[in-house]
2 protein chains.
Amino acid sequence: MGIDKQDTARPSLGLIGFGAFGRLVAATLVDHFDLTVCDPGYVQATLPDGRLCRMGTLADVARLDVVVMAVPVARLHHLCTTLAPLLSPGTLVLDVGSVKVEPVAIMQELLPDHVDIVATHPLFGPQSAKDGVEGHKVVLCPVRGQRLRSVARVLRRLGLKVIVECAEAHDREAAMVQGLTHLIAKVLVGLGPLPERMTTASFDLLREAVGMVKDDPPTVLHAIEVANPYSAEVREAFFAHADTLRAHFDADRERNPKENPTA
Amino acid sequence: MGIDKQDTARPSLGLIGFGAFGRLVAATLVDHFDLTVCDPGYVQATLPDGRLCRMGTLADVARLDVVVMAVPVARLHHLCTTLAPLLSPGTLVLDVGSVKVEPVAIMQELLPDHVDIVATHPLFGPQSAKDGVEGHKVVLCPVRGQRLRSVARVLRRLGLKVIVECAEAHDREAAMVQGLTHLIAKVLVGLGPLPERMTTASFDLLREAVGMVKDDPPTVLHAIEVANPYSAEVREAFFAHADTLRAHFDADRERNPKENPTA
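Since the model is a prediction, treat every value here as computed from it, not as a measurement. (Residues numbered from 1 in each chain as written. Chains lettered and ligands numbered in written order. Predicted model: local features only at pLDDT ≥ 70, side-chain atom pairs only at ≥ 80, totals over all residues. Heavy atoms only, no water.)

Colleague: Explain the relation of the copies chain B and chain A to me, please; I cannot follow it from the model alone.
Modeller: The pair of chain copies shares a relation made of a rotation about an axis and a shift along it. When chain B is fitted onto chain A, the two copies agree to an RMSD of 0.0 Å after a turn of 180 degrees and an axial shift of 0.0 Å. Such a turn and shift between the copies fits a two-fold axis. When the interface residues of chain B are mapped onto chain A, 98% of them again lie at the interface, so the same face is used by both copies. (Least-squares fit on C-alpha atoms with pLDDT ≥ 70 in both. Contact = heavy atoms within 4.5 Å.)

Colleague: Is there a simple way to explain the packing of helix 7 (residues 201–213) of chain A against helix 7 (residues 201–213) of chain B in this structure?
Modeller: Pairs of packed helices are described in terms of their axes, by the angle between the two and the distance that separates them. Where helix 7 of chain A contacts helix 7 of chain B, the two axes come as close as 8 Å, and the packing angle between them is 160 degrees. Taken together, the axes of helix 7 of chain A and helix 7 of chain B lie roughly antiparallel to each other. Judged by the twist between their axes, the crossing of helix 7 of chain A over helix 7 of chain B is left-handed. Residues Ala-201, Ser-202, Leu-205, Leu-206, Glu-208, Ala-209, Met-212 and Val-213 of chain A of helix 7 of chain A touch helix 7 of chain B, and the partners they reach there are Ala-201, Ser-202, Leu-205, Leu-206, Glu-208, Ala-209, Met-212 and Val-213 of chain B. For the contact of helix 7 of chain A with helix 7 of chain B, the residue count by class is twelve nonpolar, two polar and two charged. (Axes fitted to C-alpha atoms, helices over the stretch in contact; angles between N-to-C directions. Helix = DSSP H or I, 4+ residues; strand = E, 2+ residues; numbered from the N terminus. Parallel < 35°, antiparallel > 145°, perpendicular 65-115°, else oblique. Left-handed = near helix turned anticlockwise from the far one by under 90°. Nonpolar A, V, L, I, M, F, W, Y, C, P; charged D, E, K, R; others polar.)

Colleague: I tried to follow the packing of aromatic side chains on my own but got confused; where do I start?
Modeller: Given two aromatic rings, one states the distance between the centres and the angle between the planes to describe the pair. Tallied over the entire structure, the rule returns six aromatic pairs over all chains. Note on Phe-18 of chain A and Tyr-42 of chain A: the rings are 5.5 Å apart at their centroids and 85 degrees apart in plane angle, and the pair reads as edge-to-face. Of this pair, Phe-18 of chain A sits in the loop between strand 1 (12–16) and helix 1 (20–29) while Tyr-42 of chain A is found in the loop between strand 2 (34–38) and strand 3 (45–46), placing the two residues 24 residues apart along the sequence. Since its relative accessible area comes to 1%, Phe-18 of chain A is described here as buried. Residue classification places Tyr-42 of chain A among the partly exposed positions, given a relative accessible area of 33%. On the basis of an interplanar angle of 45 degrees and a centroid distance of 6.0 Å, the ring pair of Phe-21 of chain B and Phe-124 of chain B is categorised as tilted. Here Phe-124 of chain B lies in the loop between strand 7 (116–122) and strand 8 (137–144) and Phe-21 of chain B lies in helix 1 (residues 20–29), a separation of 103 residues in the sequence. (Phe/Tyr/Trp six-rings, centres within 6.5 Å; stacked < 30°, edge-to-face > 60°. Buried < 20%, exposed > 50% of the residue type's maximum accessible area, 1.4 Å probe, protein only.)

Colleague: Please clarify how the sheet that holds strand 4 (residues 52–55) of chain B should be interpreted in this entry.
Modeller: Strands in a sheet are paired, the pairing made by backbone hydrogen bonds, and the direction either parallel or antiparallel. Residue and element names in this part refer to chain B. Spatially, the nine strands line up as an open sheet ordered 3-4-2-1-5-6-7-8-9, and their pairing is mixed. The open sheet has two edge strands, strand 3 (45–46) and strand 9 (161–164), and neither has a second partner. Here strand 3 runs beside strand 4; their pairing, made up of two bridges, is antiparallel. Looking at strand 4, one finds that Thr-46 is bridged to Leu-52. Sitting on the sheet, helix 5 (residues 148–157) is in contact with strand 6 (92–95), strand 7, strand 8 and strand 9, with an inclination near 165 degrees to strand 8. (Pairing = 2+ DSSP bridges.)

Colleague: Could you clarify how one ought to interpret the pattern of salt bridges in this entry?
Modeller: Where charged atoms from two side chains of opposite charge approach closely, those side chains can pair. The tally for this structure, following the rule as stated, stands at 28 salt bridges over all chains. Between Glu-236 of chain B and Arg-246 of chain A there is a salt bridge whose closest N-O contact spans 3.2 Å. With one member in each of two chains, Glu-236 of chain B in helix 9 (residues 231–255) and Arg-246 of chain A in helix 9 (residues 231–255) form a pair that bridges those chains. You can call Arg-246 of chain A buried: its relative accessible area is 17%. One network of salt bridges, in which partners are shared, links Asp-31, Asp-49 and Arg-51 of chain A. (Salt bridge = Lys/Arg side-chain N within 4 Å of Asp/Glu carboxyl O.)

Colleague: Please explain the domain arrangement of chain A as it appears in this structure.
Modeller: You'll often see interface size given as the accessible area lost when the parts meet. Residue and element names in this part refer to chain A. By the assigned domains, chain A splits into domain 1 (12–165) and domain 2 (170–255). Centre-to-centre separation of domain 1 and domain 2, based on C-alpha positions: 29 Å. The interface is formed by 13 residues belonging to domain 1 together with 14 residues belonging to domain 2. With both sides pooled, the region where domain 1 packs onto domain 2 buries about 1,100 Å², and carbon together with sulfur makes up 70% of that total. Taken as a group, Ser-98, Val-99 and Gln-127 account for 38% of the area that domain 1 buries against domain 2, more than any other trio of residues on that side. On inspection of domain 1 and its partner domain 2, the count reaches zero salt bridges. Linking domain 1 with domain 2 are three residue pairs in polar contact (both at pLDDT 80 or more), by the criterion used here. Among the secondary structure elements, those contributing two or more residues to the side of domain 1 that touches domain 2 are helix 3 (73–83) and helix 4 (101–110). (Domains from an automatic or database assignment. Buried area = accessible area lost by both parts, 1.4 Å probe. Polar contact = N/O pair within 3.5 Å; in protein donor to acceptor, adjacent residues only side chain to side chain.)

Colleague: What exactly am I supposed to notice about the sheet that holds strand 6 (residues 92–95) of chain A here?
Modeller: All names here are of chain A. Spatially, nine strands are ordered 3-4-2-1-5-6-7-8-9 in an open sheet, and the strand pairing comes out mixed. With partners counted over all chains shown, the strands left at the sheet margins are strand 3 and strand 9 (161–164), one partner each. Alignment of strand 2 against strand 4 (residues 52–55), held across two bridges, turns out to be parallel. For Val-37, the partnering residue across the bridge sits in strand 4 and is Met-55. Where helix 4 meets the sheet, it contacts strand 5 (66–69), strand 6, strand 7 (116–122) and strand 8 (137–144), and its direction lies at approximately 35 degrees from that of strand 8.

Colleague: Mind showing me how you'd approach the side chain of His-170 of chain B here?
Modeller: With respect to the helices, strands and loops of the structure, His-170 of chain B is situated in helix 6 (residues 167–190). What makes His-170 of chain B buried here is its relative accessible area of 1%. There is a polar contact of 2.6 Å between the side chain of His-170 of chain B and the side chain of His-121 of chain B. Leaving out residues up to four positions away in the same chain, His-170 of chain B has contacts with Met-198 of chain A together with Ser-98, Val-99, Lys-100, His-121, Val-139 and Glu-165 of chain B.

Structure representation (structure tokens):
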């Protein structure tokens, strides 16, 4: 496995950010790359199986073959500013943010011309991929250089389904996919504990979906709800349809005030 | 398999109603009971595997060991009025409605004292149980007589999970389980075709849940949305939480009108 530059040995990979998603990246890639983790918030970087990852400074990881930035979208601008002067020519830089328009613009603007860039959105998280990433999807947006196909090849070998798309099309679809999931999860969580006993198969699916996203960190919510330029539109459509439905039920009740026919 | 009265041979069972759910009942029970179908809307009653069921009049099926009324909740009062004088002593009568308070009251009031009654709500439908009923749930409410345990035994042998509960507790929980599923399905269907490509696992679950209920017939919707005495309350809570969420997003936007930080 490799990302072109030196296909003989395991390529070196610097992972910046060891939060919940960064740990998933590390656990997924540790056997395929010579991994170094950079996260000033951690004294040591421990994988779920107990293995320790080598740690390094930003300058250390910036020199490696591949750099993966697993930081919140809101911190990407600051990171790229700091990272840019440290990057070696030919390094491949990737992000993993839940939106793509903004990160692509930031990376294009701030990272030096001598690095290749592929923007990615892994369509899974620590919850949904707790049994492994196989079968999950990842979106790739080409940004700079010719490394997209080799990135896709590596990800496919990990069992991922690769979708190549431009940042705008990604954000438009993600606004519905993630925006609606999180909206519905928030409404349902707000209703209190959901029934678990007399449930239907469809309700069990809803509850499972909510369970997957309800503990997503605020940084993920920020990306989905604020940083995605299309999310406000999707939210408005959701609330407008809810209003229509409510008006319909209210009208029904006015026509037939005896809501419970046995009363 | 049998329902007490005559455990030696296959007991006779009359199924009233051959709609989508009645057909599922017929297909599930045909090998375990001597089945007769009554539905004036059908010239013949064909199972999914092509077998034909014996058909009979209301008077025919009323004489059998077991009578299952698979008709919309809104038609149960009329059916019970017509059926009552035809029923033999010792017959076991069951309904399959999505609510239980109203059907239990109707059956108690209209069916003769000499029949046993068990109210049921199979927590599945032709969509969710298209590969068979095994593993699905069914709620039983005791109404009259001592046959609840033998009904439970038969249903468990079919692979169903049996939950015994009173009608009020059932309707209260079903109002959330089915009410919320259908509300969310309606809002999502209203938003138009849902994305299928760049989807997350949680969104795929939502889409699957919607797919299971979106084609439910109006009679099922009526039971869930109107005949359930607790459904209005659940709807109001859903809409109230949606409103709170919307207000929260609106306030956020006022504080930070630059929705897209790259703009």
